[in-house]
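A structural walkthrough
Read off the chains here:
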Amino acid sequence: MLNVLLLLGIVIFAAKASGWVSTRLGQPAVLGELLAGLLLGPTLLDIMAWPLFAEGHAHDVVKVLAEIGVILLMFIAGLEVNLADMRRAGKAAAWTGALGVAVPWIMGAAFAVMVGYPADRSLFVGIILTATSVSISAQTLIELKLLRTREGLVLLGAAVFDDVLVILALSLFLALSSGASGDPASLIWIVVRMAGFVAVAVAIGLFALQPLLRWIERLPISASVLSATVVVTFLYAWTAEALGGIAAITGAFIAGVFIGRTHARETIESGIHALTYGFFVPIFFVSIGLEVNARAMGETGPLFVAGLCVVAIVSKIVGCGLGARAGGVAWPEALRIGIGMISRGEVGLIVASIGLSSGLISDAVYAATVIMVLVTTLVTPPLLRLAFGLSARGSRGGQT
């Protein structure tokens, strides 16, 4: 127990200190937290191999807490989904999100096949590249005072579509890959289970959560609404995977979407943010580095890592740019939207973590994925500033 306490103290301190340094350098905190994990992991210090932590269950405790962090992180992602904003973003956001998933999936899978990966694992590599994180782009646009331009609104709307489609693609892939291959009855049963779970989850979300939270709110229980939210999120996550055959993070995401529509959203949001970002999420991001051995990338080679980064960047620019153009956005704006969708983030890391634990990708590919996330995180702000700088003399008629 003492060793676990010491390890958690080191992990959380390293995450927050590195995140602070990262923000001071004009980068997102998540970048510093990932680098802290790489520093503590087998790439450099290999803290889990120290005699103090190698014995006992310290590593298992960190992994379990990291998994809870993933669940809560996806709940927050759902909580921040504003269905009204999605409708306002309209056709351009929908097309951007859809092609921003389809093109990276196809290009990523094709790249993996070209370097010799089997078809099923290549498809999963493609799924990893579909995720995006516009929080970095949004922060850059805020600094440039351009978040409320048409590009900014489409970016925010497209990110929601992107997240939903990535989670659905991941859930469908995992369900089909775990089912009896080629057996039509098994495939039908998988689809029925998934559809049944989604139908019940949506019905409960629409009709039961609001009155349930109002009733719990009146009970003489400390932090009753927050506790109820955690219980509902965990039950949704468990039911999604155990009964619906869908990834647990999908259940957490759905729970977030519908709890976000209740009257207690602000209370829940402040409490769950403190709980998640103060404890669980730092452990999750550092745990990624603890699982990565960058020295093991020799199995794939630097060319694989470089190729993965290039495909990640180009596929988002092409896919999202074409999607925005199909949605009626002019080419210069579409290009800026594509650049704004480059950065990968939490969802991509979650997908990669699931792939590693499921045996769908190797340690070397996982390490390459983390490097890809770091690279796309680093290149997005300067590219976005450059793209808007080049158009500074042009019209900004899309600004609202």
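For the structure, see preceding data.
So, a few notes on the structure that sits alongside this text. (Residues numbered from 1 in each chain as written. Predicted model: local features only at pLDDT ≥ 70, side-chain atom pairs only at ≥ 80, totals over all residues. Heavy atoms only, no water.)

Helix and strand content of the chain: 17 helices and zero strands. The buried share among the 400 residues of the chain stands at 52%. Looking at the chain alone, contacts between residues at least 24 apart form 80% of all its contacts between residues at least 6 apart. Accessible area of the chain: about 17600 Å², with a carbon and sulfur share of 69%. (Helix = DSSP H or I, 4+ residues; strand = E, 2+ residues; numbered from the N terminus. Buried < 20%, exposed > 50% of the residue type's maximum accessible area, 1.4 Å probe, protein only. Contact = heavy atoms within 4.5 Å. Areas by Shrake-Rupley, 256 points an atom, 1.4 Å probe, with all protein chains shown as cover.)

So, about a nonpolar patch on the surface. On the surface, Leu6, Leu39, Leu44, Leu45, Trp50 and Leu52 cluster together into a nonpolar patch covering about 540 Å² of accessible area. For leucine 39, the location among the structural elements is in helix α2 (residues 29–40). (Patch = residues over 30% accessible without salt bridge, like charges linked within 9 Å, V, L, I, M, F, W, Y side chains within 5 Å. Salt bridge = Lys/Arg side-chain N within 4 Å of Asp/Glu carboxyl O.)

What follows is about the packing of helix α1 (residues 2–24) against α2. Direction vectors running N to C along α1 and α2 enclose 135°, while the axes themselves pass 7 Å from each other. Relative to α2, the element α1 lies oblique. Two packed elements cross with a definite hand, and for α1 against α2 that hand is right-handed. Contact residues: Ile10, Ala14, Ala15, Lys16, Ser18, Gly19, Ser22 and Thr23 in α1; Ala29, Leu31, Gly32, Glu33, Ala36 and Leu40 in α2. (Axes fitted to C-alpha atoms, helices over the stretch in contact; angles between N-to-C directions. Parallel < 35°, antiparallel > 145°, perpendicular 65-115°, else oblique. Left-handed = near helix turned anticlockwise from the far one by under 90°.)

In this section: the environment of isoleucine 350. Following the sequence through the fold, isoleucine 350 ends up in helix α16 (residues 346–357). Relative accessible area serves as the criterion here: at 1%, isoleucine 350 is assigned to the buried category. Here the alpha-carbon distance between isoleucine 350 and methionine 74, two residues 276 residues apart in the chain, equals 9.2 Å. Those residues in contact with isoleucine 350, other than ones at most four positions away along the chain, are Val70, Leu73, Met74, Ile249 and Phe284.

Considering only enclosed or pocket space, the second largest pocket measures out at about 650 Å³ in volume. In terms of lining residues, the second largest pocket is bounded by 29 residues, among which Glu67, Ser353, Ile354, Ser357 and Ser358 are the most central. Elements with a contribution of two residues or more to the lining of the second largest pocket: α4 (58–79), α8 (150–178), α9 (184–207), α12 (248–259), α13 (265–291) and α16. Grouping the amino acids of the lining of the second largest pocket by side-chain chemistry returns 17 nonpolar, seven polar and five charged. (1 Å grid on protein atoms, 1.4 Å probe; cavity = no way out; pocket = protein on both sides within 12 Å on 5 of 7 lines; lining within 4 Å. Points joined across faces, edges and corners; volume = space filled by probe spheres on them. Nonpolar A, V, L, I, M, F, W, Y, C, P; charged D, E, K, R; others polar.)

Tracing the backbone through its elements, the reader meets serine 287 in helix α13. Residues within four places of serine 287 in sequence aside, it is in contact with Val62 and Ala66.

This paragraph deals with α1. Count 3.6 residues to each turn of an α-helix, and residues three or four apart come out pointing the same way. End to end, α1 covers 33 Å across 23 residues, agreeing with the expected 33 Å (1.5 Å per residue, within 8%). Residues of α1 that are buried: Val4, Leu7, Leu8, Val11, Ile12, Ala14, Ala15, Gly19 and Ser22. Looking at the buried side of α1, the elements it contacts are α2, α3 (51–54), α4 and α13. (Expected span 1.5 Å × (residues − 1).)

Here we take up the packing of aromatic side chains. Applying the stated criterion across every chain, the model contains six aromatic pairs. With a centroid separation of 5.2 Å and an interplanar angle of 45°, the aromatic rings of phenylalanine 284 and phenylalanine 285 are classed as tilted. Above the face of the phenylalanine 388 ring, arginine 336 is positioned so that its terminal group lies 5.1 Å from the ring centre. (Phe/Tyr/Trp six-rings, centres within 6.5 Å; stacked < 30°, edge-to-face > 60°. Lys NZ or Arg CZ within 6 Å of the ring centre and 35° of its normal.)

Turning our attention to the pattern of salt bridges. Following the criterion strictly, the structure yields three salt bridges and no others. We note a salt bridge from glutamate 151 to arginine 336, for which the minimum N-O separation is 2.6 Å. With glutamate 151 in helix α8 and arginine 336 in helix α15 (residues 331–340), this residue pair connects regions lying 185 residues apart in the sequence. Comparing glutamate 151 with arginine 336 shows no difference in burial state: the two are buried.

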